[in-house]
Amino acid sequence: MKKAVFFDIDGTIWDNKQWIPDSTKEAFRLMKEQGHYLFICSGRTRVFIPDEALMPLGFDGILAGCGTYGEFHGNVEFYHQIPLEEIQRVNEFLCGLNAAYILEGRHFLYLDIQRFAGESPFSVEMEGELRKKMLPVIGNEASLEVSKFCVNYLEKEEHQKALEKEIGKNYTIIYREGNFMEIVPKGFNKATGIREICKTLKIDHENTYSFGDSTNDLDMLKYTAHSIAMGDGMQQAKDTAEYVTAPLKEDGIYQGCKHYGLI
């Protein structure tokens, strides 16, 4: 029977240098031979998912932006965009806190690079990878196309508390490793994206599997019928998953697929 298998990218498919084990590629090939659906399920928005590096591995679809975007065989099935007036309000609020932040959409990422000076290499890495798809916030306030955003932890405790109080009303704050928070509209996460695409494709819940490693994978790991955490992932992910496989570099995906008979 055809299964649907959902994979996080960073720390799951590839490491922090975007290296993918040969065993992972082989697992994907064998699953496609079995006729299973393969999906990327990422916190990255669509613009930040490199097709050339990932799609030739055999993926049928992409769930991006923590459940706010879904596509199947290149066709967009759903996209939940934050209304322009709301993201403009959020932008003004973050500016008032002197925050370093990134507004993320399916076509562009918006950030003012000067806000990250001396604070985070994240924006510099994105600049090299995205180039023309990364726009400044300043000057584009009237055309922001955004489904989620990230904010660096704020230096002043009162600013951090103000952000959590104000943003927490309408958004889920995911505290990530390193120095930033991933912020998603309430009601959306990786699990809601999986549920929506499975409903569209008529995939039974009992045939769903997920692989993840981090805090933004917890909803996905809880939701799918079977869940696998990477052995070198965050403890929260390992505590949540049904099965803990080997670390990424030690054939973790291959071993997880073998354990569940997917290959």
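None of the values given here were measured: they were computed from a predicted structure.

Student: Where do I start with the state of the cysteines in this structure?
Tutor: Two cysteines, two sulfur atoms, one covalent bond between them: this is a disulfide. Applying the stated rule across the entire model yields zero disulfides. Here cysteine 198 is not cross-linked by a disulfide; its sulfur's nearest cysteine counterpart is in cysteine 41, at 9.8 Å. Take cysteine 198: its relative accessible area is 7%, and that puts it in the buried class.

Student: Can you help me understand the packing of aromatic side chains in this one?
Tutor: Two aromatic rings are characterised by how far apart their centres lie and by the angle between their planes. Going through the model one piece at a time under the given rule, you end up with 14 aromatic pairs. Taking the centre distance of 6.1 Å and the plane angle of 10 degrees together, the rings of tyrosine 153 and tyrosine 175 count as stacked. One end of the pair, tyrosine 153, is in the loop between β9 (148-152) and α5 (157-167); the other, tyrosine 175, is in strand β10 (residues 171-175), and 22 residues separate them in sequence. Residue tyrosine 175 is classed as partly exposed on the basis of its relative accessible area of 38%. Within the aromatic cluster, the residues linked to one another by ring pairs are Phe6, Tyr37, Phe39 and Phe72. Lysine 2 extends its terminal NZ or CZ atom over the ring of tyrosine 37, reaching a point 4.4 Å from the ring centre. The ring of phenylalanine 48 carries arginine 44 above its face, with NZ or CZ at 4.1 Å from the centroid.

Student: Explain the packing of helix α3 (residues 84-96) against α5 to me, please; I cannot follow it from the model alone.
Tutor: Between two packed helices, the angle of one axis relative to the other and the distance separating the axes together describe the packing. Between α3 and α5, the least distance of the axes is 11 Å, while the angle of their chain directions is 165 degrees. By the angle between their directions, the pair α3 and α5 is classed as roughly antiparallel. Of the two elements, α3 crosses α5, and the hand of that crossing is right-handed. Together, Arg89, Val90, Phe93 and Leu94 of α3 and Ala162, Leu163, Glu166 and Ile167 of α5 make up the contact between the two elements.

Student: Explain the sheet that holds strand β8 (residues 134-135) here, please?
Tutor: Strand pairing in a sheet relies on backbone hydrogen bonds, with the paired strands running either antiparallel or parallel. Ordered by their spatial adjacency, six strands build an open sheet running β8-β7-β6-β9-β11-β10, and the pairing between neighbours is mixed. Each of the sheet's edge strands pairs with one partner strand only, and the pair in question is β8 and β10. Sheet analysis places strand β6 (residues 101-104) next to β9, joined by four bridges and oriented antiparallel. Counted as the bridge partner of tyrosine 101 is valine 151 from β9. Running at roughly 170 degrees to β6, α3 makes contact with β6, β9 and β10 of the sheet.

Student: Just to check I follow, could you spell out the pattern of salt bridges for this structure?
Tutor: Close approach of charged atoms lets side chains of opposite charge pair. Summed over all chains, the structure comprises 17 salt bridges. Note that lysine 249 and aspartate 15 form a salt bridge whose closest N and O atoms lie 3.7 Å from each other. Of the two residues, lysine 249 sits in the loop between β14 (243-244) and α9 (252-259) while aspartate 15 sits in the loop between β1 (4-7) and α1 (22-33), which places them 234 residues apart along the sequence. What makes lysine 249 exposed here is its relative accessible area of 55%. Where salt bridges share partners, they join Glu86, Arg89, Glu166 and Lys169 into one cluster.

Student: Teacher, can you tell me more about the nonpolar core here?
Tutor: Where a protein is soluble and globular, its nonpolar side chains tend to be buried together. Among the nonpolar cores identified, the biggest contains 28 residues, and Phe7, Ile13, Phe28, Leu54 and Ile253 are the most heavily contacted of them. Every element with two or more residues in this core is listed here: β1, α1, β2 (37-41), β3 (61-64), β12 (208-212) and α9. Considering every element that reaches this core, the biggest residue donor is α1, with three residues. Not counting the four nearest positions on each side in its chain, phenylalanine 28 is found in contact with Phe7, Ile13, Leu38, Leu57, Phe59 and Ile253.

Cut-offs and rules
Residues numbered from 1 in each chain as written. Predicted model: local features only at pLDDT ≥ 70, side-chain atom pairs only at ≥ 80, totals over all residues. Heavy atoms only, no water. Disulfide = S-S within 2.5 Å. Buried < 20%, exposed > 50% of the residue type's maximum accessible area, 1.4 Å probe, protein only. Phe/Tyr/Trp six-rings, centres within 6.5 Å; stacked < 30°, edge-to-face > 60°. Helix = DSSP H or I, 4+ residues; strand = E, 2+ residues; numbered from the N terminus. Lys NZ or Arg CZ within 6 Å of the ring centre and 35° of its normal. Axes fitted to C-alpha atoms, helices over the stretch in contact; angles between N-to-C directions. Parallel < 35°, antiparallel > 145°, perpendicular 65-115°, else oblique. Left-handed = near helix turned anticlockwise from the far one by under 90°. Contact = heavy atoms within 4.5 Å. Pairing = 2+ DSSP bridges. Salt bridge = Lys/Arg side-chain N within 4 Å of Asp/Glu carboxyl O. Core = buried A, V, L, I, M, F, W, Y, C linked by side-chain atoms within 4.5 Å.

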